[in-house]
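Take a look at the letters that make up each chain.
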Amino acid sequence: MAFWIASSPHNHVQNKTSALMRLVIYATIPGILTQWYFFGWGNIIHIIMAIATAFAAEFIVLSLRKKPIPLELFDGSAILTAVLLGVSLPALAPWWITIIGVSFAIVIVKQLYGGLGHNPFNPAMAAYVMLLISFPVQMTSWQPPSSLMSVNLDFINTLSVIFTDFTKEGYSVAQLRMHVDGVTMATPLDTVKTNITLGMTVTESLNNKIFDQGLGIGWLWINIAFLVGGLFLLFKKAIAYPTPLSFLATIFIFSFIAFLISPDTNPSTLFYWFSGATMLGAFFILTDPVTCATSIKGRIIYGCLAGVLVCVIRKFGGYPDGIAFAVLLCNMAAPLIDQYTRPRTYGH
Amino acid sequence: MESVIERIEQGKFWKFHGGIHPPQQKFLSTDKPIRQLPLPELLRIPVQQHIGEPGDILVTVGDKVLKGQALTVANHPMVVPVHAPTSGTITAIEASVIAHPSGLSELCIFLKPDGEEKWRDREICPDYQQLSKNDLIDKIAQAGISGMGGAGFPSHIKLNTAAQINYLIINAAECEPYITADDLLIREQCAAILDGIKILDNILAPAFILIGIEENKPEAIQALKNATKTIDKIKVCVLPVIYPTGGEKQLIQVLTGKEVPSGTLPSALGIVMHNIGTCFAIADAVINDIPLIKRVVTVTGKSVAKPQNVWALIGTPVEFLLQQCGCQQGNKKHIIMGGPMMGFSLPSFTVPVVKTTNCILAPDEAEIPDNDQEVECIRCGQCADVCPSQLLPQELQWSAKAHDHQALNDLNLFDCIECGACAYVCPSHIPLVHYYRVAKAEIRQQTLLDIKAEKAKQRFEARKIRLEREKLAREEKHRKAAEARKARMNSGTAEANNEKSAVAAALARVKAKKAQEKDTNNDVTASDTSVGSPQEIEKTDKKSQVAAAIARAKAKKLAAQTAPNTESNKSTQSSNVIAEAVNNADNSSKAAEGEITDSTSVINTNVIKDIEKPSELSKKDKIAVAIAKAKAKKRATEAKPLKNEPPEDLLSEKPSNDEPDSQIVTNSTNKTEQQVKEQALSPDDIKKAKIAAAIAKAKAKKRQTTESIINNEIPDDNEQRNESAEKEIQTATQGESLDKNARIAAAVAKAKAKKQQESKN
């Protein structure tokens, strides 16, 4: 007869870290489906490759570190990192971009720092930034929305492009990126930014075919889909509300002030909110608890800082979207924010 | 204060930070009345069931005790006595596993009930208002009442406060899941509880009495409201259900909006809190003169067939309660004393119910699974969100794992009330509270060690200062003595002249030494004359002692050798043989010592006689001369070939006078040598002993010369030293287990001591 000895408390909520991770992965599904609808199979192929690579990389490192493999391999964190990176990559990026990116994220950014819970940087975003700086051509080869493509890309053709750089018919990625009028496409953010530097007003830029009523075709709906996924997570209390709230509010304030001052050189708030990776960043990247600030006050500051950085990079920086850079900079600031936002203990 | 009451009357309360909503599971046991149980076969009554000190035990094994009779008595304010829960016989007083998370054993009184339930004499008090405040507090203390909510703080200490009390808060929140003991008690004993509250009101005279109760106990709330309808002072505060409302600090915050400053007691805010169960016990104690011998215990959990509240006598084994309620658990026993949030799992069925036991929980495996596996913290911060003390549990956890005590203190670890809310919500299933408990224990331990180290340091410093002071005092004394001597020598009296001549002689000796160093030859006769010098005497003395020591050792060896020859069943006999041999050795050594003393006394008298003859020289001079001679002889024997230069005046002066001495000494040396031979010799041992003796001699000589130069005015010191040396020797010789070397060393030390004494004389 054995007595079971345990320390109090004896009862416990039944949710687990792995369940939390699974929930976040489910919440990305609407966004992924929208991406598929507007930009074809590319991202789904990348996501699948990323998950496979993540498992392999995690398995190798965990074996080397002599960690309990079944417990940590299936905690969902590696899959989540892979999904987030796969979602962020250009759909027609070559296959090795994913392999390198995910391996870097898992092995270096996550496991070398001590594994889940110990990484100071968001693995997906650190890998994204690494890829963007190392392989700028591949990482900016965004394709136009499927509706504007001159070549119809089916699943086999996409696979062929990703693995051989050419479709079965022999179109290169550069050719694919040209829409029906023979103009190379860029993302809405990139288009507006480039045009402003060329002396065109925002309104003029929005006449481009990739825009529909002042917002990028496809990008609007992708962002809305991620917003829906994020609201689901908030509803499920899987993520904390202060970070996305303060992040979006800060972007709103800054872009609105800029737009009021000079509407010709600054796009509208809605444009800021619904282009690029704003919603993905707000609900899926910034809310990563490991790299975020911990207290409510700290999270508000963290979100504000990220919002300011995104606006500054988009407006003044060299890159059209700045979510990844903003997130990394905030990750660095998180411990400091935690240090200065400690709550007052009862009775002190 | 008025605004607080206004708010309460409007049903508005403050909120504490965080809190959780674990499944309450109170329905299991709320629908049945409190059940009376038969007497168990054996009661184990822990001597200490409260925070503080254990009392002195009044009974002995075999005593017949009556129900309610005190088993211990208070010898200290922080002591509450324990009483016999029923009449019976004390069968044992010994350590037994008690109700504590550690599963440690502590002193318990084992009482075998006789089934008669015979009370001791009781004094029913019909009107407690006649009693003074002190009488009431005394009655409560004598009844052994300590807080029944969980901590077990002695109630009379809380009541004996000098502070002006604004609020007396009665804690009926009972926020832990499963527990319904207070709920049922209120329903069934509301009148008695009200009496208890009135007694507390009498003692503390608070401005208001607030009864805090969670809204999940509608029947109890109704009962309390009905009972207190007519009393304006008492407010029944119906609180929202959130764990841990029942925590003292949390309940104060909810009811009054005040925070108890860290490190102080609620009485600093003019607040005293008592558990509602304690109120019932106080009423019983004051009015009916019934000490705290039973309490309501919720026996619940899904492994229990008939979960119910029971009246359990203090000391009832948990096993008995579970049997009575029909507990069926599989092979894996998981019994929790207390609730699921703050209770502790029991290591044994024999653990007794104590004054703080409000619940026995026997869950089934689905209810409280035990497969929690801790994974890494992902800093989700949910723990910080639910912490009622507004701590940062995740950071505390990291610091606790890193044993960073400073960081833990900075994070206010000791403000943690161990409610378990953080660990309850943790998605990584980290046993946070457990880490904090370990860290707290470590810090307490470290603090104790620090205090000890600090004390040791102070002691060391004090000693250093004292030694320094004594040294200074000694130097001052020596300086004064030297001055006095100088003054005396310069005074011009005959005595002074004598002393002067002693100094002159010493100077001459130094000169002689120098001269000797120059010319290495010496007169043979002069060397012969120096046989009677103290060194020589000492030599013989030592030799005999060493011989005695050797003999003792030999005897012992012999005994040891004979021992194995004897049969094993005659071990006692062999040990007797050894003892005898040792005794013999001791006796013979004593005899040798006696002879030595005889011979040396003869020598001494002779030396003195001889030296006294030439009256122009003082005794001291003579001794000095003798020493010089001895030295000269030594050097002469060493220095070969001899030269024919004339010896120094002093050395050649009286060769004939010393001759008889030399004879006597030779005799005595012969004697001791004989003894040495008789008492079994091995040449090696003798050699060793001789070397040791020579070393000792050299040391003694050194000391002698230095001391004779300094002065002989510090006899106290030397005497003490001699005494202590002798003592050491005695103890050394007494220890029969000492080996040969030790014995030789002892002999050498003894010789040294003797030498020193002689040189003083």
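Predicted model only: the values in this text are computed from it and were never measured.

Conventions used here
Residues numbered from 1 in each chain as written. Chains lettered and ligands numbered in written order. Predicted model: local features only at pLDDT ≥ 70, side-chain atom pairs only at ≥ 80, totals over all residues. Heavy atoms only, no water. Helix = DSSP H or I, 4+ residues; strand = E, 2+ residues; numbered from the N terminus. Buried < 20%, exposed > 50% of the residue type's maximum accessible area, 1.4 Å probe, protein only. Areas by Shrake-Rupley, 256 points an atom, 1.4 Å probe, with all protein chains shown as cover. UniProt positions renumbered as here; feature names shortened; annotations may be inferred. Contact = heavy atoms within 4.5 Å. pLDDT = per-residue confidence, 0-100. Expected span 1.5 Å × (residues − 1). Buried area = accessible area lost by both parts, 1.4 Å probe. Salt bridge = Lys/Arg side-chain N within 4 Å of Asp/Glu carboxyl O. Polar contact = N/O pair within 3.5 Å; in protein donor to acceptor, adjacent residues only side chain to side chain. Nonpolar A, V, L, I, M, F, W, Y, C, P; charged D, E, K, R; others polar. Pairing = 2+ DSSP bridges. Phe/Tyr/Trp six-rings, centres within 6.5 Å; stacked < 30°, edge-to-face > 60°.

What follows deals with the overall build of chain B. A count of helical and extended segments in chain B gives 24 helices and 17 strands. Looking at chain B as a whole, 48% of its 761 residues are labelled buried. Here chain B has roughly 36800 Å² of accessible surface; of this, 53% comes from carbon and sulfur atoms.

All right, on to the UniProt feature "binding site: [4Fe-4S] cluster 1" (unreviewed entry) in chain B then. When the UniProt feature table is mapped onto this chain numbering, "binding site: [4Fe-4S] cluster 1" (unreviewed entry) sits at Cys377, Cys380, Cys383 and Cys426 of chain B. With the annotated positions falling across 50 residues, the maximum pairwise C-alpha distance of 10.7 Å places them together in a single cluster. Residue placement: Cys377 of chain B occurs in the loop between β17 (359–361) and α10 (382–386). We classify Cys377 of chain B as buried; its relative accessible area is 10%. Secondary-structure assignment places Cys426 of chain B in the loop between α13 (421–425) and α14 (432–489). Cys426 of chain B sits in the buried class, given a relative accessible area of 8%. The residues contacting Cys426 of chain B, other than those within four sequence positions of it, are His12 of chain A together with Leu432 of chain B.

Residues and elements named next belong to chain B. Averaged over every residue, the pLDDT of chain B is 78; residues scoring 70 or more account for 72%. Overall, residues 566–575 carries pLDDT values under 50, and its contacts beyond four positions in sequence, including any with other chains, amount to two contacts. Segment residues 640–666: pLDDT under 50, and 42 contacts once partners within four positions in sequence are set aside and those in other chains are kept.

On to helix α17 (residues 296–316) of chain A. All names here are of chain A. Here α17 contains 21 residues, and its C-alpha end-to-end distance of 30 Å stays within 8% of the 30 Å for a straight helix at 1.5 Å per residue. All of the buried residues along α17 are Gly298, Arg299, Tyr302, Gly303, Ala306, Gly307, Leu309, Val310, Cys311, Ile313 and Arg314. Here the buried face of α17 lies against α11 (188–197), α14 (242–261), α15 (269–273), α16 (278–285) and α18 (323–340).

Moving on, we come to helix α9 (residues 318–325) of chain B. All names here are of chain B. Counting buried residues along α9, six of its eight residues qualify, which places the element largely inside the surrounding structure. When α9 is considered as a whole, its buried residues turn out to be Val318, Phe320, Leu321, Leu322, Gln324 and Cys325. Its buried side turned inward, α9 meets β1 (35–36), β12 (294–300), β13 (308–313), β15 (336–337) and β17. Positive phi shows up at Gly326, right after α9, with a value of about 75 degrees.

All right, on to the interface of chain A and chain B then. Listed by partner, the interface residues are 38 residues for chain A and 61 residues for chain B. Together chain A and chain B conceal approximately 4500 Å² of surface at their shared face, both sides included; 52% is due to carbon and sulfur atoms. Taken as a group, Trp4, His10 and Tyr346 of chain A account for 20% of the area that chain A buries against chain B, more than any other trio of residues on that side. Taken together, the connections running from chain A to chain B amount to three salt bridges. Between Asp338 of chain A and Arg379 of chain B there is a salt bridge, with its nearest N and O atoms 3.4 Å apart. At the surface where chain A touches chain B, the tally comes to 27 residue pairs in polar contact (both at pLDDT 80 or more). Contributing elements (two or more residues each) for the side of chain A that touches chain B: β1 (2–3), α1 (17–27) and α17 of chain A. Taken together, the residues of the side of chain A that touches chain B sort by class into 18 nonpolar, 14 polar and six charged.

In this section: the UniProt feature "binding site: [4Fe-4S] cluster 2" (unreviewed entry) in chain B. Residue and element names in this part refer to chain B. According to UniProt, the feature "binding site: [4Fe-4S] cluster 2" (unreviewed entry) maps to Cys387, Cys416, Cys419 and Cys422 in the numbering used here. Spanning 36 residues, the named residues nonetheless gather at one spot, since no C-alpha pair among them exceeds 10.6 Å. Along the chain, Cys416 turns up in the loop between α12 (405–410) and α13. In this structure Cys416 comes out as buried when scored by relative accessible area, which is 14%. Non-local contacts of Cys416, meaning those with residues more than four positions away in its chain, are made with Leu391, Tyr436 and Lys440. By secondary structure assignment, the location of Cys422 is in helix α13. According to the relative accessible area criterion, Cys422 is buried, its value standing at 8%.

Right, let's get into the sheet that holds strand β6 (residues 88–97) of chain B. All names here are of chain B. Pairing in this open sheet of four strands is antiparallel, and the strands run β2-β7-β6-β4 from one edge to the other. Every interior strand has two partners, whereas the edge strands, β2 (43–46) and β4 (64–65), have only one. Of the pairings in the sheet, the one linking β6 to strand β7 (residues 105–113) comprises nine bridges and is antiparallel in character. The partner of Ala92 across the bridge, within β7, is Phe110.

Right, let's get into the packing of aromatic side chains. Evaluated as defined, the whole model comprises 14 aromatic pairs over all chains. Seen in terms of ring centroids, Tyr319 of chain A and Phe325 of chain A are 4.9 Å apart; in terms of plane orientation they differ by 35 degrees. Their pairing is tilted. With a relative accessible area of 31%, Tyr319 of chain A lands in the partly exposed category. Ring centres of Phe280 of chain B and Trp311 of chain B lie 5.7 Å apart, and the angle between their planes is 35 degrees; on these two criteria the pair is classed as tilted. On the criterion of sequence distance, the pair formed by Phe280 of chain B in helix α8 (residues 276–288) and Trp311 of chain B in strand β13 is long-range, its members being 31 residues apart. Of the two residues, Phe280 of chain B and Trp311 of chain B, both sit in the buried class.

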